[in-house]
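# Summary of the model geometry
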Amino acid sequence: MNAPLPKSVSTKDLCELSPDWVRAIAPYQPGKPTSELARELGIEEKSIVKLASNENPHGIGPRTRAAIEAALGDLARYPDGNGFELKNALSRRYGVGMESIVLGNGSNDVLELVALAFLGVGSSAVYSQHSFAVYPLATQARGARGISVPAKSYGHDLEAMAAAVAGDTRVVFIANPNNPTGTFVPYDHISAFIKAVPGCIVVLDEAYNEYLPPELRVDTAKWVKRHANLVVTRTFSKAYGLAGLRVGYAMANPAVADLMNRVRQPFNVNSIALTAATAALDDMEFVARSYAENRAGMKRIEEGVTSLGLEYIPSFGNFIAVRVGKANEVFKRLLKRGVIVRPVTGYELPEHLRVSIGTPEENERFLTALAASLRE
Ligand SMILES: *Cc1c(COP(=O)(O)O)cnc(C)c1O
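Calculation criteria
- Residues numbered from 1 in each chain as written.
- Predicted model: local features only at pLDDT ≥ 70, side-chain atom pairs only at ≥ 80, totals over all residues.
- Heavy atoms only, no water.
- Helix = DSSP H or I, 4+ residues; strand = E, 2+ residues; numbered from the N terminus.
- Buried < 20%, exposed > 50% of the residue type's maximum accessible area, 1.4 Å probe, protein only.
- Contact = heavy atoms within 4.5 Å.
- Polar contact = N/O pair within 3.5 Å; in protein donor to acceptor, adjacent residues only side chain to side chain.
- Near = heavy atom within 4 Å.
- Areas by Shrake-Rupley, 256 points an atom, 1.4 Å probe, with all protein chains shown as cover.
- Nonpolar A, V, L, I, M, F, W, Y, C, P; charged D, E, K, R; others polar.

Secondary-structure assignment places Asp74 in the loop between α4 (62-71) and α5 (84-94). Judged by relative accessible area, Asp74 falls into the exposed class, the value being 51%. A C-alpha to C-alpha distance of 23 Å links Asp74 and Arg264, two positions 190 residues apart in sequence.

If you want it as structure tokens, here you go:
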């Protein structure tokens, strides 16, 4: 192991075996883990407030927890590679056929499957400025061209996106609500957009769907039957609280779902995740409570940052982008106070910090630390 390379081959030479579009990828920047900050500050991990990754601050629901405990006995077995139970539960809940569902190791995986199935050298994908980092990453990893369309009021400009679709465009990514800005595009605009680009796959990423107020929600699962080019993606990472287990899904026309399933790893979703997600669909009170607490927390943070004289982008997710000015500086000052939020410089938003809505106590800790950081 670790035998020295022959003198004639350097690691640099080896890296050049990789296509140049892979070598040009800038790695995804995840939220700072609490354990890392605890080590750096020499304080206990549980005294740290992490509002950096849009996780559910309320944990997981009771049925989900019981299902996970019950599933521990089966870990020696491979998971069901077709995810029958979970697909069956999703199919009943949303009224789509099981052949329309693709399961993923997080919805991130499902987004990658779209890229694997539809993008390659010589094709392109369209997405919005200030949108989810995985779209350009997945596009670039396939050697496809990314077309980033300038945002309008921090959100998707669907007219400009339709106009940006090129002859070689195979995929358009739309996050609704969008991360990291929290913006929301009304569903009638989205439906018009899907019809306007019938020759492209339109990925409608609804990671924050469960946080939308009921009056704004639309049953997009039903749209999959109407629009052969639509892929709706959702996740158990946010409102269901299962970010650590990694499970998400797509709903699409069966032919499109079939292609995505062909490029999927046979056991991409682990057995605990499959069991937990199936149970989580029945933890409806937990999701309802998460929704209600998120609305209340959002209101509190909006009021709190307004009273500090700050602006924010009105958000439809479980996080909010607050304009603090020198965001990287304020981010560091918050870290010193044991509060982790997310700078979004990499999303061309150098003055904003994205803050996930926490528990009432976490929200107060954040507001107090923010006030002190602004005075510093
Ligand atoms: C969080 C998020 C996802 C989901 O991530 P997974 O944990 O991989 O399911 C997908 N899209 C957006 C826009 C997100 O913010």
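Glancing now at helix α7 (residues 134-141). Of the positions making up α7, those classed as buried are Val134, Tyr135, Leu137, Ala138 and Thr139. Residues of α7 that are buried in the fold lie against α6 (107-118), β3 (124-128), β4 (145-149), β5 (169-175) and β6 (201-205). Directly after α7, the chain includes Gly143, whose backbone phi takes a positive value near 75 degrees.

On to the environment of Lys32. Structurally, Lys32 is set in the loop between α2 (20-23) and α3 (34-41). Judged by relative accessible area, which is 19%, Lys32 ranks as buried. As a C-alpha pair, Lys32 and Leu335 span 303 residues in sequence and 9.7 Å in three-dimensional space. One polar contact links Lys32 to Glu36, side chain to side chain, over a distance of 3.2 Å. A distance of 3.2 Å separates a polar atom in the side chain of Lys32 from a polar atom in the side chain of Glu40.

Before going further, it helps to spend a moment on the site of the ligand. Near the ligand, the surroundings consist of Gly106, Ser107, Asn108, Phe132, Asn179, Asp205, Ala207, Tyr208, Thr235, Ser237, Lys238 and Arg246. A distance of 2.9 Å separates an oxygen atom of the ligand from a polar atom in the backbone of Asn108. A distance of 2.6 Å separates an oxygen atom of the ligand from a polar atom in the side chain of Ser237. Its free accessible area being 390 Å², the ligand has 94% of it covered by the protein chains. Across the shell around the ligand, the residue classes break down as three nonpolar, six polar and three charged.

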